[in-house]
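So you can see what is in the structure, the chains are spelled out below.
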Amino acid sequence: MSGLRRVIAADLQRSRSHFLLASIGIVVGIATFTFFIALSQGVRAVVLGRIFPLDQLEVVPKSLDIAIGPLAIGTSTLGGDVIDDARVRQINALPGVETVYPKMRLTVPAIALGGESLLGADLRSEIVADGIEPALVAADVGAGFEFRDFDAEPGTPKACTTDDECGERRYCGAPAGTRLERKSRNDDTGRVPEGTATVCRDYVPVLASEHVVELYNGALRRAHGFPKLVPDSVLGFTFELVIGSSMVGASNKGHLVRERAMLVGFSRKSIALGLTIPLGYVRRLNVDFGQPEDAQRYHSVVVMVPNKNDVAAVAKGVSDLNLVVADTGAEQAALLIAIFTLIFALVSAVIVGIAAVNIMHVFFMLVYERQHEIGIMRAIGARRGDITRIIMGEAASLGFVSGLAGVALAFGASFGFDWISQTYVPDFPYKPETYFEFPWWLLLAALAFAVSFCILGAFLPARRAARMEPAAVLSGH
Amino acid sequence: MIRVRGMRKSYRTGKLVNEVLRGVDFEVDHGELVSIVGPSGSGKSTLLHAVGGLDRDYEGSIEVDGRDLRSLSDDALSDYRNRSVGFVFQSFYLLPHLTVLENVALPAVFTRGTQRLGDAAATARAREVLEQVELGARTDSTPTMLSGGQRQRVAIARALFNRPTLMLCDEPTGNLDSKMGAQILALFHALNRDAHITVMIVTHDSRISAATPRTLRVEDGALHDERRELGPPVPSAAVVPAAEAP
């Protein structure tokens, strides 16, 4: 240890009770700062990472709807709100855009049936679905599962009479696209045309949003007394889709298409409340129940913008194409989090600032108490800078130790907060395991913050100590 | 050599100005042992502090080995005090939280350049000077564990650490009993005689001044230079009052 550091260490040791009291404010301030910044980082990660992803924009056509009483009339109701392949190419050409994935909404009513194996009772639900390019969600598909348009693949399907003949994760059913005849508009079973041979089929792969599971676990399961679901454990769950049928009888179509579907993963990019399936299935169903031109009528496109700095320029480019970026609420959420962070950072800055004033008083007192020692150090050759370094060194050491204690206190408080949440707070959608994120820069910032304020507090006392005239303090003049 | 020319110094208290030194001149050669005497407030310590570079707020000039102290920067003056001057004060001014060894080695902390000693060398030098003042066995003690005389000897060891050419002592025996005072004075005589260190001692004690070959008497702002022939080396008992002699 160098001589100056030894002097600093000895001074810290003998004045430890003074420094202990002086450091309380810094410890509390740094703990407040670290705790709330970590909390806002954790909340930000959940809100902007899981609920409102920021690395992608969803672009939709500009809506010119006007409200007439409870009804909105305009382009959306007149069929004008679509994006075609030409528009997709234009968006793809915008600077900063990495990839564009068109999404096509299923414009046919449909219901889903099933669930007994999982929930103990069959559910029947009207569903909303959209189609998406498989490449967009490749990373979100569960291990061992596939998300692709099996029915678009060439080849003659294998004839069969039972599911066992088709192998794992396949079933024996009517060929793809088989139209079922309805006896009446209320018939949602339908009849396979006579002479239709059954073949081995792949399940329609389905992705769901974690919103669905969160909503189920947070609300629905309580209402119906169902078990809690863990997302990974429901992968492989199968159910039936009846397209063309609706729980609203008036919406039923003239024929039905029945498909079996399998849940293969969860994705942030899938529709929030509904099912997401490969684009090809939706395109064929929309054409089957609608017009040939429906094959390229997209309802939105997901625009991947890897660099956040490009987001504003891409949004402007999208606007120039007479399209708009869907309002996901991310901006408001980010703004709220930023305000929340700022308020608590200011609160902690005030606490640390007051503590710095206290530290200044303590150092003034210590400088007064030690004036003869400072005088003798000057007499034996200490320069003014040496005296400043000793005082500042003590302040920096105090700040560092206080900063460490503050960070440790924040860690402890965060563990306590998480434990209380896990133990006593009921589940709610997106309830995280931890509300906190402690990035490395936050820990460095907390220490730098503590050291800076202690040095700031000791600045004037150090200057006074350095300017003491040794002859005056040693002779009492 | 120390050369003081036309030195004036005054202290201001409110509107009252007290001129303690009114243009004093004197010289001190290498290896001299000089006492400075005078009534309280006459400017003895002021003179000593100025020669030691602790105070630059005066008129006139002080040259030490050809260097005008007032022309030196504050840092250069600090280096001058560190390398050339050893101070001994009445109140010892030891750092109470450091050991005897650390107190003695403290000047090494502030030495710069090639003369700076490493930790091991500084410790060795501190032990050496502590042996010189017969406190080699008390290196790990703290100042509060020592008697007044021992503390002053630690302060002298600290002053000797960087091998100064000039020792400036401000009432070095003022807080000691007569016997201890005599021992300390004998130590100064020995250092002056054996190490050829110039020693200047501010004192109230006429017995101490009588034991030095030269006395600078400060009275009414003026300086009177008195020289005397001393006999053989002064034994310690000579400065101890008869009543208090063991």
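Per chain, the residues get numbers from 1 upward, laid out in the order the sequence is written. Each chain gets a letter, beginning with A, and each ligand a number, beginning with 1, in the order they are written. For this predicted model, a pLDDT threshold of at least 70 governs which residues receive local features, and a threshold of 80 or more governs which side-chain atom pairs are given and counted, while totals over whole chains, interfaces and linings are taken from all residues.

> How should the overall build of chain A be read in this particular structure?
Scanning chain A from terminus to terminus reveals twelve helices and 16 strands. Think of it this way: build a C-beta for each residue from its backbone, and any pair within 7 Å is a contact. Pairs at least 24 residues apart make up 81% of the contacts formed inside chain A by residues separated by at least 6 positions. Only DSSP runs of H or I reaching four residues or more are called helices, and only runs of E reaching two or more are called strands; each is numbered from the N terminus.

> What is the right way to look at the overall build of chain B in this model?
Assigned secondary structure in chain B consists of seven helices and ten strands. Exposure in this text rests on C-beta crowding, where 20 or more other C-beta atoms within 10 Å of a residue's own make it buried, 12 or fewer make it exposed, and counts in between make it partly exposed. The C-beta atoms are placed from the backbone. Within the span of chain B, comprising 246 residues, buried residues form 46% of the whole. Put simply, of all contacts in chain B between residues at least 6 apart along the chain, 70% involve residues at least 24 apart.

> Explain the pairing of strand β7 (residues 166-170) of chain B here, please?
Side-chain positions along a regular strand alternate between the two faces of the sheet. Residues and elements named next belong to chain B. In terms of residue burial, β7 counts as a mostly covered element, since five of its five residues are buried. Bridge count for β7 against strand β8 (residues 198-202) is five bridges, and the pairing is parallel. Counted as the bridge partner of M167 is V199 from β8. A crossover counts as right-handed when, viewed with the strands pointing away from the observer, the path leading from the first strand over the helix to the second turns clockwise. Read as a crossover between parallel neighbours, the route from β7 over helix α6 (residues 178-194) to β8 is right-handed. Should DSSP find at least two bridges between two strands, the strands are taken to pair.

> Explain the environment of A:R283 to me, please; I cannot follow it from the model alone.
All names here are of chain A. The residue R283 is located in helix α6 (residues 279-289) in this model. Each C-alpha atom, one on R283 and one on L106, is 7.9 Å from the other, the two residues being 177 residues apart in sequence. If sequence neighbours within four positions are ignored, R283 has contacts with M104, G131 and A295.

> I'm lost on unusual backbone geometry in this one. Help?
Where the residue is not glycine, phi is negative for most of them; where a peptide bond is considered, it is trans in most cases. Residues and elements named next belong to chain B. For E134, which is not glycine, the phi dihedral falls at a positive 65 degrees. Here E134 is to be found in the loop between α4 (119-132) and α5 (148-160). The exposure class assigned to E134 is partly exposed, which follows from the 13 C-beta atoms found within 10 Å.

> Please clarify how the sheet that holds strand β5 (residues 67-68) of chain B should be interpreted in this entry.
The pairing of strands in a sheet comes from backbone hydrogen bonds and takes either a parallel or an antiparallel form. All names here are of chain B. Strand order in this open sheet of four strands is β2-β1-β4-β5, and the pairing throughout is antiparallel. A strand with exactly one partner marks an edge of an open sheet, and here the two such strands are β2 (16-28) and β5. Judged from the ten bridges that link them, strand β1 (residues 2-13) and β2 form a sheet pairing that is antiparallel. Each residue of the ladder has a partner; that of V4, found in β2, is F26.

> How should the interface of chain B and chain A be read in this particular structure?
Reports often express the size of an interface as the amount of accessible area lost when the parts come together. Residue-level contacts link 24 residues of chain B with 22 residues of chain A. Residue assignment for the side of chain B that touches chain A shows that the elements contributing at least two residues are α1 (44-51), α2 (74-84), β6 (85-89) and α3 (100-109) of chain B. By residue number, the principal contributor to the side of chain B that touches chain A is α2(B), which donates six residues. As a working rule, the residues Ala, Val, Leu, Ile, Met, Phe, Trp, Tyr, Cys and Pro are called nonpolar, Asp, Glu, Lys and Arg charged, and the rest polar, with Gly in that last group. Considering only residue class, the side of chain B that touches chain A consists of twelve nonpolar, six polar and six charged.

> Which parts of the structure should I look at to understand the nonpolar core?
For the purposes of this analysis, a nonpolar core is taken to be any set of buried Ala, Val, Leu, Ile, Met, Phe, Trp, Tyr and Cys residues that are connected through C-beta atoms within 7 Å. By size, the foremost hydrophobic cluster in this structure holds 123 residues, and its most contacted members are A:I30, A:C454, B:I36, B:V104, B:A157 and B:M200. Core analysis: the second largest hydrophobic core is formed by 50 residues, A:I132, A:Y203, A:I243 and A:Y281 among them.

> Hey, could you run me through the sheet that holds strand β3 (residues 33-37) of chain B in this one?
Residues and elements named next belong to chain B. Ordered in space as β6-β7-β8-β3-β9-β10, the six strands form an open sheet in which the pairing is mixed. Unpaired on one side and paired on the other, β6 and β10 (222-227) mark the two borders of the sheet. Shown here is a sheet whose adjacent strand axes are inclined to one another by a mean of 15 degrees, direction ignored. To get an axis, fit a line to the C-alpha atoms, keeping to the stretch in contact for a helix; angles then go from 0 to 180 degrees between the N-to-C directions. Set on the sheet, α5 makes contact with β6 and β7; between it and β6 the angle comes to about 165 degrees.

> Could you clarify how one ought to interpret helix α9 (residues 371-379) of chain A in this entry?
For the α-helix, the turn length of 3.6 residues means that residues three or four positions removed from each other point alike. In terms of residue burial, α9(A) counts as a mostly covered element, since seven of its nine residues are buried. Looking only at α9(A), the buried set comprises A:E373, A:I374, A:G375, A:I376, A:M377, A:R378 and A:A379. Where the residues of α9(A) are buried, they touch α10 (384-424), α11 (440-467) and α12 (470-475) of chain A together with α2 and β6 of chain B. In the segment just after α9(A), A:G381 is the residue with positive phi, at about 120 degrees.

> I keep staring at the environment of A:G274 and nothing clicks. Help me out?
All names here are of chain A. Relative to the helices and strands, G274 is located in the loop between β13 (255-266) and β14 (275-278). What makes G274 buried here is the crowd of 21 C-beta atoms within 10 Å. G274 sits 63 residues away from H211 along the chain, and the two C-alpha atoms are 9.5 Å apart. When neighbours within four sequence positions are excluded, G274 is seen to be in contact with I127, V128, A129 and D130.

> Help me out: how do you make sense of the confidence of the model for chain B in this one?
As a note on interpretation, predicted positions should not be read in detail where pLDDT is low. Residues and elements named next belong to chain B. Averaged over all residues, the pLDDT of chain B equals 87, while 93% of them reach at least 70. In the model, residues 235-246 has pLDDT below 50 throughout and makes 21 contacts with residues more than four positions away in sequence or in other chains. Scoring the predicted complex yields pTM 0.66 and, for the interface, ipTM 0.89. The predictor rates its confidence in each residue with pLDDT, a number between 0 and 100.

> Is there a simple way to explain the pairing of β6(B) in this structure?
Residues and elements named next belong to chain B. Counting buried positions over the five residues of β6 gives five, a clear majority of the element. A two-sided burial pattern is seen for β6, the buried positions comprising V85, F87 and F89 on one face and G86 and V88 on the other. As paired elements, β6 and β7 share five bridges and run parallel to each other. From the neighbouring strand, V85 faces β7, where its bridge partner is L166.

> Which parts of the structure should I look at to understand helix α5 (residues 210-224) of chain A?
Residue and element names in this part refer to chain A. In this model α5 runs 20 Å from its N-terminal to its C-terminal C-alpha over 15 residues, within 8% of the 21 Å that 1.5 Å per residue would give. Here the bend at a residue is taken as the angle between two axes, fitted respectively to the seven residues that end there and the seven that start there. A maximum bend of about 45 degrees is found in α5 at Y216. Of the residues one or two after α5, G225 is the one with positive phi, at around 70 degrees. In a helix, the anticipated span is given by 1.5 Å times the number of residues less one.

> Help me out: how do you make sense of the packing of α5(B) against α6(B) in this one?
Residue and element names in this part refer to chain B. Where α5 meets α6, the axes come as close as 10 Å, and the angle between the chain directions of the two elements is 20 degrees. With respect to α6, the axis of α5 lies roughly parallel. Of the two elements, α5 crosses α6, and the hand of that crossing is right-handed. From α5, G148, G149, Q152 and I156 reach across to α6, where they touch M180, Q183, I184 and L187. Each residue belonging to the contact of α5 with α6 can be placed in one class, and the counts come to four nonpolar, four polar and no charged. Throughout, the term roughly parallel applies to angles under 35 degrees, roughly antiparallel to angles over 145, roughly perpendicular to angles from 65 to 115, and oblique to all others. Helix crossings get a hand from a simple test, with the near helix turned counterclockwise from the far one by less than a right angle marking a left-handed crossing and a clockwise turn marking a right-handed one.

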